[in-house]
Protein chains: 2
Amino acid sequence: MTTIAFIGLGAMGRPMARRLVEAQHRVTGFDLNPEALAYLESKGGHAARSAAEAARGADMAVLMVVNAEQAEAALFEGGALAALKPDASVILMATCPPARVAAIARRVEAAGRRFVDAPVSGGVVGAEAGSLTIMAAAPRALFEAVQPVLAAMGSRLFHVGEEAGQGATVKTVNQLLCGVHIAVAAEAFALAEKAGVDTALMLDILTQSAAGSWMLSNRGPRMLEAEPEVTSAVDIFVKDLSIVMDAGRAAHTALPLAAAAHQMFLAASGSGHGKADDSQVIRAYRALNGTRDA
Amino acid sequence: MTTIAFIGLGAMGRPMARRLVEAQHRVTGFDLNPEALAYLESKGGHAARSAAEAARGADMAVLMVVNAEQAEAALFEGGALAALKPDASVILMATCPPARVAAIARRVEAAGRRFVDAPVSGGVVGAEAGSLTIMAAAPRALFEAVQPVLAAMGSRLFHVGEEAGQGATVKTVNQLLCGVHIAVAAEAFALAEKAGVDTALMLDILTQSAAGSWMLSNRGPRMLEAEPEVTSAVDIFVKDLSIVMDAGRAAHTALPLAAAAHQMFLAASGSGHGKADDSQVIRAYRALNGTRDA
């Protein structure tokens, strides 16, 4: 049994923390949302009133916050890092810019703790089922030491490198592909709508052809709905493609497709659709082409 | 048994014509390449010295040529249309611009023949196996009449509309997605190479995640080879994305991702890689970012 501080109980963090409880770990959670804390307690976990309180004497801190700023606030200003056991591990699972992750790792290690860069893929469905893909970068011995904890949350664990930031890089590349695949599906439907093709039939054809992608199958049906359920918001890809573009700048690498896709998500958000399902990036295409009002 | 003129015996046309022979049709082929004619004869088909000779008295002409120009040359200047039986059908299966297909249909119908706009997806592998996806536009009765012939070449037959050009539109949208998916895979690998990530491991992770696409799985491994086998050339996507951009112009629809992908294929071709496997669009990214020489 590991004593775990779980910081960030959002749509992803809640089921991840629940699975750690079910795996017989002692989990103390922190989130600003009291409902999230009540949920964790109802599943057998414990609630803390601050990140530092959650971390007090813990073997491990798992961070599933929104972004790098929140991770830094919890660990450093919030005092969670200093409250952990002296040889504790910090596992950062949020999607953050690779260079930022490397900088956080340096501060964690300077305080004598160990750091695992371990972003995830698979969404809320994967978090609920414990079937997330986890792209972990850490010294191999440390990766092996935390593997039982990671295995409670993900079914596909990859050791992608020894250096903090390499996990974040794989996740960044993952998001580059995901974001462009959603945007290009919207671009394809926008053209089909203008050309008067039956888009539902077209979706059926394309998902089974060489044109298929996981995102086309998953987001395509919602793209054709007027007000689809929100499974992940436009603004998440505004953020994730910002990280992609920042990684491109840091590596001095031109990313023309990701840049164009980012502009479309920004336009969708700027037109007031930031909270809509990310499939609704198609609204930016419709506005661009005058098919419907934005 | 249908008497079929098969015009265009390239990498796709050869196995498609062979499958028609195997389905007990009388197939007479025409191609400028004598090896292609010898192949068809070796499989039980017949060889003609011109498109008109292949078409003489045939019930049907199937065109699997490189582009619309070749289709027009064979049908009109080449005399194939006039040589067909008076109530014959012309089935255009090459990838052509939608507006051009509609114009060819008008000329075919003005000559009293019937026209089926029936582009395919699935590549040489699908053509060999008779498992192509066929996106056919024609009046429904005509679609049903030619269905047995189409079924010898494809296992997924879709009636996408009544009007010539609608099949080509669906194929155009298909190629938009395919071309962007190949280019964005190259963009993803280019970033990963610059960031020092293990690209083979990354490919393994991404193909099984939400970042996956048919093209990533199919082209990804060849993208990481220095001199991969050519299954489809860079110049095919230079052409197909030209058709996509023309369709966007005709529909007054902005296609920012397809436009960016097209530029990358053009750059790869312009650097001398037009005959290389289309996965080698990654060379344009490497040149752009100075990772390796173009």
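As a convention, each chain's residues are numbered from 1 in the sequence order in which they are written. Lettering for chains starts from A, numbering for ligands starts from 1, and both go in the order in which the items are written. Where totals are concerned, whole chains, interfaces and linings use all residues; where local detail is concerned, this predicted model gives features only for residues with pLDDT of at least 70, and gives and counts side-chain atom pairs only at 80 or more. Side-chain numbers here rest on the full set of heavy atoms in the structure, without hydrogens or water.

Draft legend 1. Structural detail: the overall build of chain A. For chain A, the count of helices and strands is 14 helices and nine strands. In summary, chain A has a C-alpha radius of gyration of 20 Å against a globular reference of 19 Å for 294 residues, a match within 12%. Taken along the three principal axes of its C-alpha coordinates, chain A extends 65 × 45 × 35 Å. Per-residue burial for chain A yields a buried fraction of 61% across its 294 residues. Every residue pair with non-hydrogen atoms within 4.5 Å of one another is taken to be in contact. In chain A, of all internal contacts separated by at least 6 residues, the share reaching a separation of at least 24 is 63%. Using the Shrake-Rupley algorithm and a 1.4 Å probe, accessible areas are obtained, with residue cover drawn only from the displayed protein chains. Accessible surface, chain A as shown: approximately 10,800 Å² in total, 52% of it carbon and sulfur. In chain A, 25 positive and 29 negative side-chain charges are present, and the distance between their average locations comes to 4 Å. Helix and strand assignments follow DSSP, with helices taken as H or I runs no shorter than four residues and strands as E runs no shorter than two, numbered in order from the N terminus. Both definitions apply: the radius of gyration is a C-alpha atom measure, and the globule rule equals 2.2 Å times residues to the power 0.38. In this scheme, a residue with accessible area under 20% of its type's maximum is buried, one over 50% is exposed, and one in between is partly exposed, where area comes from a 1.4 Å probe on protein chains only. Only four residue types enter the charge count, namely Lys and Arg as positive and Asp and Glu as negative; His and the chain termini do not. Where a charge lies is defined by one atom per residue type, namely NZ (Lys), CZ (Arg), CG (Asp) and CD (Glu).

Draft legend 2. Looking closely at the packing of helix 13 (residues 256-273) of chain A against helix 14 (residues 282-289) of chain A. Residue and element names in this part refer to chain A. Where helix 13 meets helix 14, the closest approach of the two axes is 8 Å, and the angle between their N-to-C directions is 85 degrees. Here helix 14 runs roughly perpendicular to helix 13, going by the angle between their axes. On helix 14, the residues that touch M264, A267, A268 and H273 of helix 13 are R283, A284, Y285 and L288. Under this scheme, a helix contributes an axis fitted over its contacting stretch, all axes are lines through C-alpha atoms, and angles between N-to-C directions fall in the 0 to 180 degree range. The labels follow the angle: roughly parallel below 35 degrees, roughly antiparallel above 145, roughly perpendicular from 65 to 115, and oblique for the rest.

Draft legend 3. Examining the side chain of H181 of chain A more closely. When you line up the elements, H181 of chain A lands in helix 9 (residues 166-195). In this structure H181 of chain A comes out as buried when scored by relative accessible area, which is 1%. When residues no more than four places from it in sequence are discounted, the contact partners of H181 of chain A are S213 and M215 of chain A together with H181, V184, A211, G212 and S213 of chain B.

Draft legend 4. Representation of the interface of chain A and chain B in the model. Listed by partner, the interface residues are 59 residues for chain A and 59 residues for chain B. Both sides of the chain A and chain B interface together cover about 4,800 Å² of buried area, and 73% of this is carbon and sulfur. Salt bridge, as applied in this entry: a Lys or Arg side-chain nitrogen positioned within 4 Å of an Asp or Glu carboxyl oxygen. In this structure, the connection of chain A to chain B is made through zero salt bridges. At the level of elements, strand 8 (132-137), strand 9 (154-161), helix 9, helix 10 (199-207), helix 11 (214-223), helix 12 (234-250), helix 13 and helix 14 of chain A are the ones that each hand at least two residues to the side of chain A that touches chain B. Among the elements that make up the side of chain A that touches chain B, the one with the highest residue count is helix 9 of chain A (20 residues). For the side of chain A that touches chain B, the per-class residue count stands at 39 nonpolar, 16 polar and four charged. Two parts placed together each lose some accessible area; with a 1.4 Å probe, that loss summed over both constitutes the buried area. Here the term charged refers only to Asp, Glu, Lys and Arg, the term nonpolar to Ala, Val, Leu, Ile, Met, Phe, Trp, Tyr, Cys and Pro, and the term polar to all other amino acids, Gly among them.

Draft legend 5. Here's a closer look at helix 12 of chain A. Each residue after the first adds 1.5 Å to the expected span of a helix. Taking 1.5 Å of rise per residue, the 17 residues of helix 12 of chain A would be expected to cover 24 Å, and the 24 Å separating its terminal C-alpha atoms lies within 8% of that figure. V234, F237, V238, D240, L241, I243, V244, M245, A247 and G248 of chain A are the residues of helix 12 of chain A that are buried. Looking at the packing, one finds that the buried side of helix 12 of chain A touches helix 6 (98-110), helix 9 and helix 13 of chain A together with helix 9 (166-195) of chain B. Phi for H252 of chain A, located one or two positions after helix 12 of chain A, is positive at around 50 degrees.

Draft legend 6. Focus on the packing of aromatic side chains. Here a pair means two rings of Phe, Tyr or Trp (six-membered ring of Trp) with centres within 6.5 Å. Their orientation is stacked below 30 degrees between planes, edge-to-face above 60, and tilted elsewhere. Considering all chains together, one arrives at two aromatic pairs over all chains under this definition. Lysine NZ or arginine CZ positioned within 6 Å of the ring centre and within 35 degrees of the ring normal marks a charge as sitting over the ring. One residue, R107 of chain A, lies across the ring of F76 of chain A, its end atom 3.7 Å from the ring centre.

Draft legend 7. Region of interest: the pattern of salt bridges. This model, assessed by the stated rule, comprises 26 salt bridges over all chains. Salt-bridge contacts for R49 of chain B lead to E53 of chain B; the nearest nitrogen and oxygen are separated by 3.4 Å. Take E53 of chain B: its relative accessible area is 26%, and that puts it in the partly exposed class. Salt-bridge contacts for K239 of chain B lead to D240 of chain B; the nearest nitrogen and oxygen are separated by 2.9 Å. A relative accessible area of 4% means that D240 of chain B is categorised as buried. Via salt bridges that share partners, R18, E22 and E128 of chain A belong to a single interconnected network.

Draft legend 8. Local environment of the domain arrangement of chain A. All names here are of chain A. An automatic or database domain assignment is the source of the domain bounds shown. When its domains are assigned, chain A resolves into domain 1 (3-164) and domain 2 (169-289). Its C-alpha centre places domain 1 at a distance of 29 Å from the equivalent point of domain 2. Listed as interface residues are 10 residues of domain 1 and, on the opposing side, nine residues of domain 2. Roughly 840 Å² is buried in total at the junction of domain 1 and domain 2, and carbon and sulfur atoms are behind 71% of that figure.

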